[in-house]
2 protein chains.
Amino acid sequence: MEQKEISRAVIKRLPRYYRYLGELMKDGVERISSNELSERMKVTASQIRQDLNNFGGFGQQGYGYNVPYLYSEIAKILGIDKQHNIIIIGAGNLGQAIANYTNFERRGFMIKGMFDINPRLVGMTVRGIEVYPVEQLEEFIKENDVQIAALTIPKTKAKEMAEKVISYGVKAIWNFAHIDLDLPEDVVVENVHLSESLMRLSYKVTHMDDNIKEIPR
Amino acid sequence: MEQKEISRAVIKRLPRYYRYLGELMKDGVERISSNELSERMKVTASQIRQDLNNFGGFGQQGYGYNVPYLYSEIAKILGIDKQHNIIIIGAGNLGQAIANYTNFERRGFMIKGMFDINPRLVGMTVRGIEVYPVEQLEEFIKENDVQIAALTIPKTKAKEMAEKVISYGVKAIWNFAHIDLDLPEDVVVENVHLSESLMRLSYKVTHMDDNIKEIPR
DNA sequence: AAAGATTGACACTTTTTTTACCAAAAGATA
DNA sequence: TATCTTTTGGTAAAAAAAGTGTCAATCTTT
């Protein structure tokens, strides 16, 4: 249905639009113009309109955008109008932290279970979410229609586990392991590399002063 | 010293170069050409050379790059050759998960303490890292030369706490709260927005099939 | 000393991203 | 109802960013 390629920058901005619209809704705002939104979000109005127009015309001339309507349309674009079933591979600290974060479920991301090779962790529950042994992965994925697997395990085991869950039917990997999983093209991978993030932070801190001299033109 | 602006894409690739070089070192590889590295990393040799040349000439004609030397030079560029002192604001699950992750310390990121408003968490220790009350923030930051604060608290309090720690001398915020902290320009902010990451993942899963029709030309 | 390898620098190309513009459509006003 | 104002949607243009190719210079190896 959508023919033209959506640019990466646009996709990155969508969740932010969604967040701002959610806040507007909370404040009871019914309608908003691209101009007003642009001031709040500190982007140009033109960019907002063009971003949204990639997916269709959600506004109306002379009126602007209806906030609840646009909010729900962006949810559809992001695919968070439907439920997604998730499992967490690796029930260590990070896995548990994610399991504990209830906001994901509000957006339709249902954490169905956690898995670990460590027998000591198996049987434990976090916020009602149980830890299963990896032997039960295949059955669990198929029975619970699991689409997404969060990988919160050391990098040594990450690739193996990714390939395993994909062979069982998982469509997407939310990868917290610091490794390049090169997987088949039809598998979605979203990386969260905390150590890289921290290195970029370090880079910025280290080179902070470099740019100051650039401002005077 | 460095005059030309380094592009964002280059900075994003630096940690990956660093990771690959680290693995080469582990394997005892002494030298590598941009060509060989390009094959392993699946980028062009030209890109590797140009990326590195933004920061100086680390290679040698006819020889290539000395792996340990290049590794240590990239560490310098990233600023991870020096120690960085970190505090974690918010001793909940995510804060604890980060505190437990020992790899950061191997790269020189020393987690000096955690802080929380919840009196029940104060006094607790995670891997030897103590949780302090927020009242002690100012003193602690000044005494421990804290440069970086990781914000792992709900977004309602995030901005306030960010401003507070900055006023006490923190230079950089590693922001896990789902909010735009617009802070002074001389403060470094690195965002880790897990919910946005998950939404992008959802987008990709939802629109996975859209692109398949594009491949046949 | 000659041959081979490989970088560093530059210029060029391509891609991506952003901004500007304006006709058309709807709302607001009187 | 007619007119004025607002604001979108779509297109085109501009700007910025990112990536690639080339080759002289220089080092290694034989």
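Here's a quick rundown of the structure. (Residues numbered from 1 in each chain as written. Chains lettered and ligands numbered in written order. Predicted model: local features only at pLDDT ≥ 70, side-chain atom pairs only at ≥ 80, totals over all residues. Heavy atoms only, no water.)

### Here's the deal with the overall build of chain A
Keep this limit in mind: Put simply, DSSP H or I for four residues or longer makes a helix, DSSP E for two residues or longer makes a strand, and each gets a number counted from the N terminus. Relative accessibility decides the category of a residue: with a 1.4 Å probe and only protein chains considered, values under 20% of the type maximum give buried, values over 50% give exposed, and everything between is partly exposed. We call two residues in contact whenever any of their non-hydrogen atoms come within 4.5 Å of each other. The Shrake-Rupley method, run with a 1.4 Å probe sphere, supplies the accessible areas, and residue values consider only the shown protein chains as cover. Note that His is not counted, nor are the chain ends; the positive residues are Lys and Arg, and the negative ones are Asp and Glu. Taken as the charge location is NZ of Lys, CZ of Arg, CG of Asp or CD of Glu.
When its secondary structure is counted, chain A shows nine helices and ten strands. Oriented by its inertia axes, the alpha-carbon framework of chain A measures out at about 60 × 45 × 35 Å. Counting every position in chain A, which comprises 217 residues, the buried fraction comes to 50%. In chain A, the proportion of contacts linking residues at least 24 apart, taken out of those at least 6 apart, comes to 55%. If you sum the accessible surface of chain A, you get close to 11200 Å²; carbon and sulfur atoms cover 47% of it. Across chain A, 28 positive and 29 negative side-chain charges occur, with their mean positions spaced 6 Å apart.

### A closer look at the sheet that holds strand 8 (residues 148-151) of chain B
Definition in use: In this scheme, strands are said to pair when DSSP sees at least two bridges between them. Axis definition: a line fitted to C-alpha atoms, over the contacting stretch in the case of helices. Angles run 0 to 180 degrees between N-to-C directions.
Reading across from one edge, 6-7-5-4-8-9-10 (chain B) is the order of the seven strands in this open sheet, with mixed pairing throughout. Edge positions in the sheet fall to strand 6 (125-126) and strand 10 (188-191) of chain B, since each has one partner strand and no second. Its contacts with the sheet place helix 9 (residues 194-206) of chain A against strand 4 (84-89), strand 5 (109-116), strand 8, strand 9 (172-175) and strand 10 of chain B, and it is angled at close to 165° to strand 10 of chain B. Strands strand 4, strand 8 and strand 9 of chain B of the sheet are contacted by helix 8 (residues 155-167) of chain B, whose axis makes an angle of about 170° with strand 8 of chain B.

### Focus: the protein's contact with DNA strand C
Put simply, the rule reads: Any residue with a heavy atom lying within 4 Å of a molecule or strand is counted as near it. A 3.5 Å cut-off defines polar contacts: any pair of N or O atoms within that distance qualifies, except that in protein one atom must be a possible hydrogen donor and the other a possible acceptor, and neighbouring residues in sequence count only when both atoms are side-chain atoms. When residues are sorted by character, Ala, Val, Leu, Ile, Met, Phe, Trp, Tyr, Cys and Pro go into the nonpolar class, Asp, Glu, Lys and Arg into the charged class, and all the rest, Gly among them, into the polar class.
Around DNA strand C, the surrounding shell holds 26 residues, and the nearest of these are A:Arg13, A:Gln50, B:Ser34, B:Asn53 and B:Gly59. Near the protein, within 4 Å, the atoms of DNA strand C are sugar or phosphate in 65% of cases. Taking A:Ser46, its side chain carries an N or O atom lying 3.0 Å from a base nitrogen of DNA strand C. A distance of 3.0 Å separates a sugar or linking oxygen of DNA strand C from a polar backbone atom of B:Gly62. Counting only elements with at least two residues in the surface near DNA strand C, the list comes to helix 1 (8-26) and helix 3 (45-53) of chain A together with helix 3 (45-53), strand 2 (59-60) and strand 3 (64-66) of chain B. Broken down by element, the surface near DNA strand C gets its largest block of residues, four residues, from helix 3 of chain A. In terms of residue class, the surface near DNA strand C is made up of four nonpolar, 17 polar and five charged.

### Description of a positive patch on the surface
Let me state the cut-off plainly: Patch building starts from residues that exceed 30% relative accessible area and form no salt bridge, then joins like charges within 9 Å and nonpolar side chains (Val, Leu, Ile, Met, Phe, Trp, Tyr) within 5 Å. Here, a salt bridge means any side-chain nitrogen of Lys or Arg that lies within 4 Å of a carboxyl oxygen of Asp or Glu.
Together, A:Arg8, A:Lys12, B:Arg8 and B:Lys12 make up a positively charged patch on the protein surface. At the level of elements, helix 1 of chain A together with helix 1 (8-26) of chain B are the ones that each hand at least two residues to the positive patch.

### Comments concerning the relation of the copies chain A and chain B
Put simply, the rule is: A least-squares superposition brings the copies together, and it is based on the C-alpha atoms of residues with pLDDT no lower than 70 in both.
Overlaying chain A on chain B yields an RMSD of 0.1 Å, the required transformation being a rotation through 180° with an accompanying axial translation of 0.0 Å. Here the transformation between the copies is reduced to the relation of a two-fold axis.

### So, the interface of chain A and chain B
What counts is decided by this rule: Buried area, as used here, totals the accessible surface that two parts lose on assembly, with accessibility defined by a 1.4 Å probe and the loss added over both.
Taken together, the 63 residues of chain A in the interface contact 63 residues of chain B. Summed over both sides, the interface between chain A and chain B buries roughly 5800 Å², with carbon and sulfur atoms accounting for 60% of that surface. At the junction of chain A with chain B, the criterion picks out twelve salt bridges. A:Glu196 is paired through a salt bridge with B:Arg19; the nearest N and O atoms lie 3.3 Å apart. The leading source of residues in the side of chain A that touches chain B is helix 9 of chain A, at 13 residues. For the side of chain A that touches chain B, a count of residues per class yields 31 nonpolar, 14 polar and 18 charged.

### Here we look at the protein's contact with DNA strand D
Taken together, 28 residues sit near DNA strand D, with A:Ser34, A:Asn53, A:Gly59, B:Arg13 and B:Gln50 positioned nearest. When the atoms of DNA strand D within 4 Å of the protein are sorted by group, sugar and phosphate make up 65%. Within the side chain of A:Tyr65, a nitrogen or oxygen atom sits 2.9 Å from a phosphate oxygen of DNA strand D. Contact between DNA strand D and B:Ser46: a base nitrogen at 2.8 Å from a side-chain N or O atom of the residue. Elements with a contribution of two residues or more to the surface near DNA strand D: helix 3, strand 2 (59-60) and strand 3 (64-66) of chain A together with helix 1 and helix 3 of chain B. A per-element tally of the surface near DNA strand D places helix 3 of chain B first, with four residues. Of the residues in the surface near DNA strand D, the class split is five nonpolar, 18 polar and five charged.

### Notes on the sheet that holds strand 1 (residues 31-32) of chain A
Residue and element names in this part refer to chain A. An order of 1-3-2 is seen for the three strands of this open sheet, with the pairing classed as antiparallel. Of all strands in the sheet, those with a lone pairing partner are strand 1 and strand 2, marking the two edges. With two bridges joining them, strand 2 and strand 3 adopt antiparallel strand pairing. Across the sheet, Gly59 pairs through a bridge with Tyr65, a residue of strand 3.

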